[in-house]
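Given next are the chains, with one letter for each unit.
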Amino acid sequence: MQEDNFPCQDIMTAVDFLQNFLNGISIGSVYAIFALGYTLVFSILGIINFAHSAVFTLGAYLTYSLAVGQFGISGILAGFRIPFQLSFPISLLIGAVLSGITGVLVERCAFRPLRARDADSLMALVSSLGVALVAVNVIQYLAGSEIYSFPADVYGDIRPAIMFHVAGKVVVIRTVQVIIFAVSMVILAILVYLINFTRIGKALRAVAENTSTSSLLGINVDRFILYTFFLSGFLGGIAGSLVGTSFGIAGPYFGVTYGLKGLAVIVLGGMGSVPGTVFGGLIIGLTEAFVPSDYSAYKEAVAFAFLLIVLLVRPQGLLGQSQIHKV
Amino acid sequence: MEDFLQNNGFLLVTLTQQALLAISLYYPLMTGQLSVASPGFYAVGGYIAAIMGTIDFFAPWRAVLGWAIFPLEWLIAGLVSAVLAVLVGIPALRLRGIYLALATIAFVEILRVLCLNMEITGGAIGIFGVPQMFENRWSYIWVFGPLLIIMLLFTWRLEQTRVGRAFKAVREDEMAADCMGVNPTYFKVMAFVIGAVLAGVVGAMSAPFLNTWNARQGTFDASIAYLAYVLIGGSRSMWGPVMGAILLAALPEILRPLKDARLIINGLVLIIASIYLPQGIVGALQRLRIFMIRRVSSMSGGS
Amino acid sequence: MKQLVFFFVFFLIVCISTTYAEKTGDPIPIGIGVAQTSNVALFGQEQIIGAKIAEKLFNATGVNGTKIRLVYQDTGGDEAGTINAFQNLINQEKVVAIVGPTLSQQAFSADPIANRLKVPVIAPSNTAKGILHIGEYIGRVSAPVSRVAPNAIKQALKQDSKIKRVAVLYAQNDAYSVSETGTFQEAVKSHNLMLVSLQKFMTTDTDFTTQATAVLSANVDMVIISGLAADGGNLVKQLRQLGFKGTIVGGNGFNTANVFPVCGKSCDGILVAQAYSPEANNPTNKAFVAEYHNLYKKDPPQFSAQAYTAVQVIAEALRKVESVKKKKITQLELQVVREELNKAIRTGSYITPLGEISLDRTGEINQKMFYVSRIKMDAAGKVGNFVIMK
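Residues numbered from 1 in each chain as written. Chains lettered and ligands numbered in written order. Predicted model: local features only at pLDDT ≥ 70, side-chain atom pairs only at ≥ 80, totals over all residues.

Draft legend 1. Fine view of the overall build of chain C. Regarding its fold elements, chain C presents 13 helices and 15 strands. Its C-alpha atoms give chain C a radius of gyration of 22 Å, within 12% of the compact-globule value 21 Å for 390 residues. Dimensions of chain C, computed from the C-alpha atoms along their principal axes, are close to 65 × 65 × 40 Å. Counting across all 390 residues of chain C, residues that qualify as buried make up 59%. Counted over contacts in chain C with a minimum sequence separation of 6, partners at least 24 positions apart contribute 71%. (Helix = DSSP H or I, 4+ residues; strand = E, 2+ residues; numbered from the N terminus. Rg over C-alpha atoms; globule rule 2.2 N^0.38 Å. Buried ≥ 20, exposed ≤ 12 C-beta atoms within 10 Å, placed from the backbone. Contact = placed C-beta atoms within 7 Å.)

Draft legend 2. Here's a closer look at the overall build of chain B. Along chain B, the regular secondary structure elements total 13 helices and 0 strands. Starting at the N terminus and ending at the C terminus, chain B contains elements arranged as α-α-α-α-α-α-α-α-α-α-α-α-α. Computed over C-alpha atoms, the radius of gyration of chain B comes to 20 Å, within 12% of the 19 Å expected from 2.2 N^0.38 for 303 residues, which places it in the range of a compact globule. Across its three principal axes, chain B shows a C-alpha extent of roughly 75 × 50 × 35 Å. Across the 303 residues in chain B, those meeting the buried criterion constitute 55%. By sequence separation, contacts in chain B at least 24 residues apart represent 81% of the contacts at least 6 residues apart.

Draft legend 3. A look at unusual backbone geometry. Residues and elements named next belong to chain C. Of note, the bond from Asp 26 into Pro 27 is cis; its omega dihedral lies within 30 degrees of zero at 0 degrees. If you trace the backbone, Pro 27 turns up in the loop between helix 1 (2-13) and strand 1 (28-32). That bond from Gly 100 to Pro 101 is cis: its omega, -15 degrees, falls within 30 degrees of zero. Along the polypeptide, Pro 101 turns up in the loop between strand 3 (98-99) and helix 4 (104-116). Its identity as a non-glycine residue notwithstanding, Lys 94 has a phi of 55 degrees, on the positive side.

Draft legend 4. Region of the structure containing the interface of chain B and chain A. At the interface, 34 residues of chain B touch 32 residues of chain A. If you list the elements that add at least two residues to the side of chain B that touches chain A, you get helix 4 (69-92), helix 5 (97-117), helix 10 (220-233) and helix 12 (261-276) of chain B. By residue number, the principal contributor to the side of chain B that touches chain A is helix 5 of chain B, which donates 13 residues. A breakdown of the residues in the side of chain B that touches chain A according to their chemical character gives 28 nonpolar, 4 polar and 2 charged. (Nonpolar A, V, L, I, M, F, W, Y, C, P; charged D, E, K, R; others polar.)

Draft legend 5. Molecular detail of helix 13 (residues 334-345) of chain C. All names here are of chain C. Taking 1.5 Å as the rise per residue, helix 13 with 12 residues should run 16 Å; its terminal C-alpha atoms sit 16 Å apart, in good agreement. Every buried residue of helix 13 is accounted for by Val 337, Arg 338, Glu 340, Leu 341, Asn 342, Ala 344 and Ile 345. Those residues of helix 13 that are buried are in contact with strand 5 (138-140), helix 12 (302-325) and strand 12 (355-359). (Expected span 1.5 Å × (residues − 1).)

Draft legend 6. Up close: the interface of chain A and chain C. Of the residues lining the interface, 28 residues belong to chain A; the matching set on chain C comes to 28 residues. Mapped by element, the contributors of at least two residues to the side of chain A that touches chain C are helix 1 (2-45), strand 1 (161-166) and strand 2 (169-174) of chain A. A total of 4 residues in the side of chain A that touches chain C trace back to one element, the largest contributor, which is helix 1 of chain A.

Draft legend 7. Quick look at the sheet that holds strand 13 (residues 365-366) of chain C. All names here are of chain C. Judged by pairing direction, the sheet is antiparallel, and its 3 strands sit side by side in the order 11-12-13 without closing on themselves. Of all the strands in the sheet, the pair left with one neighbour each is strand 11 (350-352) and strand 13. Inspection of the sheet shows strand 12 paired to strand 13 by 2 bridges, in the antiparallel sense. Opposite Ser 358, over in strand 13, you have Asn 366 as the bridge partner. (Pairing = 2+ DSSP bridges.)

Draft legend 8. Molecular detail of the pairing of strand 7 (residues 194-201) of chain C. All names here are of chain C. Inspection of the sheet shows strand 6 (residues 165-171) paired to strand 7 by 7 bridges, in the parallel sense. Across the sheet, the residue bridging to Ala 167 is Ser 197, located in strand 7. The handedness of the strand 6 to strand 7 crossover, carried by helix 7 (residues 175-190), is right-handed. (Right-handed = clockwise from strand over helix to strand, strands pointing away.)

Draft legend 9. Structural context of the domain arrangement of chain C. All names here are of chain C. By domain assignment, chain C separates into domain 1 (18-143 + 281-359) and domain 2 (147-274 + 371-389). The interface of domain 1 with domain 2 comprises 15 residues on the first partner and 14 residues on the second. Partitioning the side of domain 1 that touches domain 2 into residue classes produces 8 nonpolar, 5 polar and 2 charged. (Domains from an automatic or database assignment.)

Draft legend 10. Examining the nonpolar core more closely. Of all hydrophobic cores here, the largest spans 343 residues; its most connected members are Leu 307 of chain A, Ala 22 of chain B together with Ile 314 of chain C. Top contributing element to this core by residue count: helix 9 (residues 184-210) of chain B, with 18 residues. When residues of this core are sorted by domain, at least three fall in each of domain 1 (18-143 + 281-359) and domain 2 (147-274 + 371-389) of chain C. Leaving out residues up to four positions away in the same chain, Ile 314 of chain C has contacts with Ile 30, Ala 97, Ile 122 and Ile 345 of chain C. (Core = buried A, V, L, I, M, F, W, Y, C linked by C-beta atoms within 7 Å.)

Draft legend 11. Layout of helix 5 of chain B. Taking 1.5 Å of rise per residue, the 21 residues of helix 5 of chain B would be expected to cover 30 Å, and the 31 Å separating its terminal C-alpha atoms lies within 8% of that figure. Buried residues dominate helix 5 of chain B, accounting for 16 of its 21 residues.

Draft legend 12. Representation of the sheet that holds strand 15 (residues 384-389) of chain C within the structure. Residue and element names in this part refer to chain C. What the 7 strands build is an open sheet, ordered 7-6-8-9-10-14-15; its pairing is mixed. Strands at the two margins of the open sheet, each flanked by one partner only, are strand 7 and strand 15. Neighbour-to-neighbour, the strand axes of the sheet open up by a mean angle of 25 degrees, direction not taken into account. As paired strands, strand 9 (residues 247-250) and strand 10 (residues 271-274) are joined by 2 bridges and run parallel to one another. Bridge pairing in strand 10 places Val 249 opposite Leu 271. Contacts from helix 6 (residues 150-159) reach strand 8 (222-226), strand 9, strand 10, strand 14 (371-377) and strand 15 within the one sheet, and its direction differs from that of strand 10 by about 140 degrees. (Axes fitted to C-alpha atoms, helices over the stretch in contact; angles between N-to-C directions.)

Draft legend 13. Structural view of the confidence of the model for chain C. All names here are of chain C. On average, residues of chain C carry a pLDDT of 88, and 94% of them reach 70 or more. Across chain C, strand 3 holds the top mean pLDDT of 96, while helix 1 sits lowest at 63. The low-confidence segment residues 15-21, where pLDDT is below 50, has 10 contacts with residues more than four positions distant or belonging to other chains. Of the two predicted TM-score estimates for the complex, the pTM is 0.82 and the ipTM is 0.82. (pLDDT = per-residue confidence, 0-100.)

Draft legend 14. Up close: the environment of Ile 271 of chain B. One can find Ile 271 of chain B in helix 12. Sequence separation of Ile 271 of chain B and Ile 232 of chain B is 39 residues, and the distance between their C-alpha atoms is 9.6 Å. Discounting chain neighbours no more than four positions away, the residues touching Ile 271 of chain B are Cys 109, Ala 110, Ser 127, Gly 130 and Val 131 of chain A.

Draft legend 15. Here's a closer look at the packing of helix 2 (residues 51-67) of chain A against helix 9 (residues 254-269) of chain A. All names here are of chain A. Taken N-terminus to C-terminus, the directions of helix 2 and helix 9 make an angle of 140 degrees; their axes are 8 Å apart at the nearest point. If you check the angle between helix 2 and helix 9, you find them oblique. Our pair here, helix 2 against helix 9, has a crossing hand that is right-handed. Seen from helix 2, the contacting residues are His 52, Ser 53, Ala 54, Phe 56 and Thr 57; seen from helix 9, they are Phe 254, Gly 255, Val 256, Tyr 258 and Gly 259. Grouping the amino acids of the contact of helix 2 with helix 9 by side-chain chemistry returns 5 nonpolar, 5 polar and no charged. (Parallel < 35°, antiparallel > 145°, perpendicular 65-115°, else oblique. Left-handed = near helix turned anticlockwise from the far one by under 90°.)

Draft legend 16. View of the environment of Arg 116 of chain C. Residue and element names in this part refer to chain C. Relative to the helices and strands, Arg 116 is located in helix 4. Arg 116 sits in the partly exposed class, given 14 other C-beta atoms within 10 Å. Placed 20 residues apart in sequence, Arg 116 and Glu 136 show a C-alpha to C-alpha distance of 9.6 Å.

Draft legend 17. Quick look at the environment of Ile 224 of chain B. Assignment of secondary structure puts Ile 224 of chain B in helix 10. Among the residues examined, Ile 224 of chain B registers 21 C-beta atoms within 10 Å and is labelled buried.

Draft legend 18. Expanded view of the pairing of strand 1 of chain C. Residues and elements named next belong to chain C. Of all 5 residues that make up strand 1, 4 are buried, and the element is covered over most of its length. Here 5 bridges tie strand 1 to strand 2 (residues 68-72), and the two strands are oriented parallel to one another. In the strand pairing of strand 2, Ile 32 is matched with Tyr 72. For the segment spanning strand 1, helix 2 (residues 41-58) and strand 2, crossover handedness is right-handed. Of the pairings in the sheet, the one linking strand 1 to strand 3 comprises 2 bridges and is parallel in character. Considered in strand 3, the bridge of Ile 32 is made with Val 99.

Structure representation (structure tokens):
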């Protein structure tokens, strides 16, 4: 009889819900961790730094070459391998620092000359885009376009997935996704503390508010912008490496999809709001995960639908404030 | 001559087509709006042509109209683009600056995903075997070429009329224009629609040219490319986008021997041009002309 | 307007001019239009290697003394690039025939152009349905998916007769995968298995959590995947990590060693249907395998063998054209060579690394031997092998 099936059906749906929820959190934290670096730069300079996708990608490649190193068959570095291999955490750190330095270089080459001339912010967009193109293609030239995977034991001897048993069925999440979620939460906490409770953070907020006034007040605007870009690159490098361990480094363009969705994340969260960004990433991830599998092909449009709706209805996003306080 | 056209015809036609698409981006820019929506309309136009050219529903139309089905495709593509542009434009053009750019990016992506999934657009595989207008590729210059010339003349004339001046006014200062009785939204939408219709018609012409059509025709990468054309060429006059398109679209072909490096060079061009040539190449040439004129007059004139 | 003149001059300056020839070149140019860049390059690389070996071994005697010369044009991974590459090969390089392209998806868009210009195309790796319908100048040495794919399912059932519940996953944006999955799904039905889950993905996807968890919750015994190496491999890795323990059958996209770095240890045990075995016992294959061992110290992959075969077929057909026309190829007009070549390709049979094959009137390959391999990875998950199952 129908009645008998009802309790079982409820549980099944609850299990599916839980699974989808976990899936959503996993992919959502990937978006969030990518967008954290993005949002830092936007809040200080008011521009979208397209080169962030390139720094994200670069970080992944750098960590890979330090930790694993064997390059494939295409590209100039085919078959090349760094003679020493470092452990993953060290490679991650060095890769992130190098990415941070790259972030600073990007600022020097692409943004500084335009700031000096007080140029249209459109130009900064194009400039950062050019940098992204160059960087990504240099990577392609060097390392080819094949997919590079981290070995399965990159985080040591942990089980690949965590399983929960719920009412006789199993709900799984891959451990690496849990790690990404945890790391993004930690980064969030550190950033919030940094921005709201330290002197450096205060200076950053001042610069974000008004660069000329801040410099009149004695803040070395250039130096703080440099810090911001370094931090943004550093975070991008970490994000890229972690995502690389989860999905593999799918070629030099693998940062670009995140770059586009990252736009939706920061707008949804509220531009310049760091907690908002994480929130935005998780919301988009969850929505994507709950799209019924018959319509799974429409998942790609979810982020952009959010972007469009937010822009038309509430441009300051969920947690951002309308143009007044940006950080 | 025949061989030259045979070998380079494709390139010539592509350059013309890219110049047209750059102009489609230039229109919203004339009113100060950065919209990268052109690839979306381009894709829609192309799909209309591809669908009308291949599916059975239109077979009787094709039989009756023969070659005339192509102009019909352009007409329908133009109409659909116009309607879509009005629907999207009116709410979206209330946004300013970067927000509008983002909204148009979102629009293009959503359109792309929709096309990726519908039966009628061939899903993710796309539509193959779109019927050709001409026997060979370079004959398409008879379609794109006149369109380009018409657009250039049209734009030139437009800039001299009231509408053109209104565009300029809105571009310089929207609030001031509003105070002077120029309705900014009306003109912004108009510019947006003209750009959209152009992109749609070019799309409808391009589907037969390229023989296949799929969702990869209307992507963010394309938006970036068109944007680069306009910015590099110069966004103040209509020659800017045209020059930019010709230069940047031809660069990868001329540099084909460098293969892998060609995209790097494209990127470098973007960086250098945006930093050192803010008015684009056309602007730089104009400054050069003024500089030369001054030098000549200071040499020939007196103190 | 002065600007208009300037504009047109600028326009024309930007174009390049070229020289032209009417007769067939010497050495005889054969075009190789495969993917040398983009992620599809993983397959293209193997094809180039196979073609190069064919060129070397064939030029020992050549076409009655005249050598062949392979001309490479990169198609990249998309349709537009393929069209450009083909046009370059046909119009600028003046090739007598083209070997390529790598993906069926690319073939659907570029082959019609070659066909219209009456240039023979031999596809080394297009196995989708409908390729040969494109035209009379299109042929292939890669057996259609309908003949190859079902063998893997048969082998899977041989290994484990208790398989009942099956999940099928495929890349919906690749014409080949869509064609292959159709064949797989029919085979599933004909073996009376239950298709309990059908999942789609895109070749550009990297996150397969949704598909994998859906498969797991459906409790399946076997998973069949149609995709390319990068996405397919990634999907397998995530499936295994999430705890799938059943049998995995991979389509032709898995037919390359390039899938090993993607799924590592997780690749172990994947069953793949193949159209080639390095152990095939015929003189051509022995020479091919020996040369490959010489250069790369390992067994040649299927994609290389098929590319070799394509070049071999063209080269041997050129010999036939010379004997029919009683003139040297280099003294015949290019267009005549192309048309005669197309006819000659479809006559007689060839002893190739794929065994004894022939192409029928429609350009379809007649091949007798097919195999199923199982991927075996070493303990570290770095080195892998396709082990042919008996």
